[in-house]
Amino acid sequence: MRALGIVLLGLATLAGCGGDGPAAPAASDEIAIQAETAPAAETDARAAAPASEEPASPAAPVNSRAADIAIDEYHGSTGLFGAVALVLGPDELIGEAIFRAPSAEDGERAALEACRETAKDKGFPALAEECRASLYFYNACGAVANASNRSWGTGWADSGWRDACKWAETSCRDHGGGDCEGIMYFCSPQNLYGSCDGSMQVDNGVTRIDGSVK
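Just so you know, these numbers come straight off a predicted model, no measurement behind them.

A. Focus on helix H4 (residues 161–174). Taking 1.5 Å of rise per residue, 14 residues should cover 20 Å, and H4 covers 20 Å from first to last C-alpha, within 8% of that figure. Taken as a whole, H4 has its buried residues at Trp161, Asp163, Ala164, Cys165, Trp167, Ala168, Glu169, Ser171 and Cys172. Packed against the buried residues of H4 are strand S6 (140–146), strand S7 (152–157), strand S8 (181–188), strand S9 (192–195) and strand S10 (200–203). Remark: glycine 176 follows H4 within two positions and exhibits a positive phi of approximately 100 degrees.

Below is the structure:
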């Protein structure tokens, strides 16, 4: 059962990958993510995870940024992991982002199950089986970006949600997107998620809208 969630639609108005990320935001960044030391096994697992994946292009590509991606807390947990599962549907990017999962496996499993449910609810049972766990991270922020040619990418950063959005855009461009824009971000273990353009943010249940995110 979903503890909480939002759905982002028509994401033209909403914005890294593993390895070295961009420089951390300035000290004035009020919601920069504070890194912690992960157990060795979990650190190794995260390093081996794919930073982003892009499904094969549909037979008839559509010039659209449309997306239906829900963001949900993992069973009310306070775990350090986040994950996202995505599939490119006929008309939109479909998926689920999970934050505060107790392990990478739990986060990926929950994201995959929810992605498949969404695809089935939209009338695409065959497409549901194509949902992919595209990203997970430890004590950081993850993000998703897409482009008008339907390319997309995911990324993470432990230096704040803005950097996660930037890395997702870089991943999207690496997969052929010429005008990639970040869609949304979600952070673990913080109860923090929102749109990469800063127009909406939910921070511990408090919602900020209309560009009030600093």
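B. Main features of empty space enclosed by the protein. Approximately 60 Å³ is the volume attributed to the largest cavity. Contributing to the lining of the largest cavity are Ser64, Arg65, Ala66, Leu88, Asp91, Glu92, Leu93, Asn146, Ala147, Arg150, Ser151 and Trp152. A breakdown of the residues in the lining of the largest cavity according to their chemical character gives 5 nonpolar, 3 polar and 4 charged.

C. Quick peek at the nonpolar core. In this structure, Ile69, Leu93, Val144, Met184 and Phe186 are the most contacted members of the largest nonpolar core, which totals 21 residues. Elements represented by at least two residues in this core include exactly strand S2 (67–73), strand S3 (81–88), strand S4 (93–101), strand S5 (132–138), S6, S7, S8 and S10. Listed in part, the 17 residues of the second largest apolar core include Tyr74, Ala110, Ala111 and Leu112.

D. Quick look at the state of the cysteines. Tallied over the full model, the rule gives 4 disulfides. Sulfur-sulfur distance for the disulfide between cysteine 115 and cysteine 131 comes to 2.2 Å. An S-S torsion of about -80 degrees defines the bridge between cysteine 115 and cysteine 131 as left-handed. Of this pair, cysteine 115 sits in helix H2 (residues 104–121) while cysteine 131 sits in the loop between helix H3 (125–128) and S5, and the two are 16 residues apart along the sequence. Look at cysteine 131 and you get buried, because its relative accessible area is 6%. Between cysteine 172 and cysteine 180 runs a disulfide, and the two sulfur atoms are separated by 2.2 Å. Judged by the sign of its S-S torsion, about -75 degrees, the bond between cysteine 172 and cysteine 180 is left-handed. Residue cysteine 172 is classed as buried on the basis of its relative accessible area of 0%. Judged by relative accessible area, cysteine 180 falls into the buried class, the value being 9%.

E. Spotlight on the packing of aromatic side chains. For the structure on display, the rule yields 4 aromatic pairs. Plain terms: the ring middles of phenylalanine 81 and tyrosine 138 are 5.0 Å apart, the flat faces sit at 70 degrees to each other, and that makes the pair edge-to-face. Placement of phenylalanine 81 in strand S3 and of tyrosine 138 in strand S5 is noted, with a sequence separation of 57 residues between them. On the accessibility criterion, phenylalanine 81 (3% relative accessible area) is buried.

F. Layout of the environment of arginine 100. As for its position among the elements, arginine 100 is in strand S4. Taking the C-alpha atoms as reference points, arginine 100 and glycine 79, separated by 21 residues in sequence, lie 4.3 Å from one another. Not counting chain neighbours up to four residues away, the residues in contact with arginine 100 comprise Glu73, Tyr74, Ser77, Thr78, Gly79, Phe81, Ser188, Pro189, Gln190 and Asn191.

G. The arrangement of the pairing of S3 in detail. For S3, the tally of buried residues reaches 8 of 8 residues, placing the bulk of the element in the interior. In S3, alternate side chains face the same way, and those of Phe81, Ala83, Ala85 and Val87 on one face and Gly82, Val84, Leu86 and Leu88 on the other are all buried. Linking S3 to S4, which pair antiparallel, is a turn of 4 residues. Inspection of the sheet shows S3 paired to S5 by 6 bridges, in the antiparallel sense. Looking across to S5, one finds that valine 84 is bridged to leucine 135.

Criteria and cut-off values
Residues numbered from 1 in each chain as written. Predicted model: local features only at pLDDT ≥ 70, side-chain atom pairs only at ≥ 80, totals over all residues. Heavy atoms only, no water. Helix = DSSP H or I, 4+ residues; strand = E, 2+ residues; numbered from the N terminus. Expected span 1.5 Å × (residues − 1). Buried < 20%, exposed > 50% of the residue type's maximum accessible area, 1.4 Å probe, protein only. Contact = heavy atoms within 4.5 Å. 1 Å grid on protein atoms, 1.4 Å probe; cavity = no way out; pocket = protein on both sides within 12 Å on 5 of 7 lines; lining within 4 Å. Points joined across faces, edges and corners; volume = space filled by probe spheres on them. Nonpolar A, V, L, I, M, F, W, Y, C, P; charged D, E, K, R; others polar. Core = buried A, V, L, I, M, F, W, Y, C linked by side-chain atoms within 4.5 Å. Disulfide = S-S within 2.5 Å. Phe/Tyr/Trp six-rings, centres within 6.5 Å; stacked < 30°, edge-to-face > 60°. Pairing = 2+ DSSP bridges.

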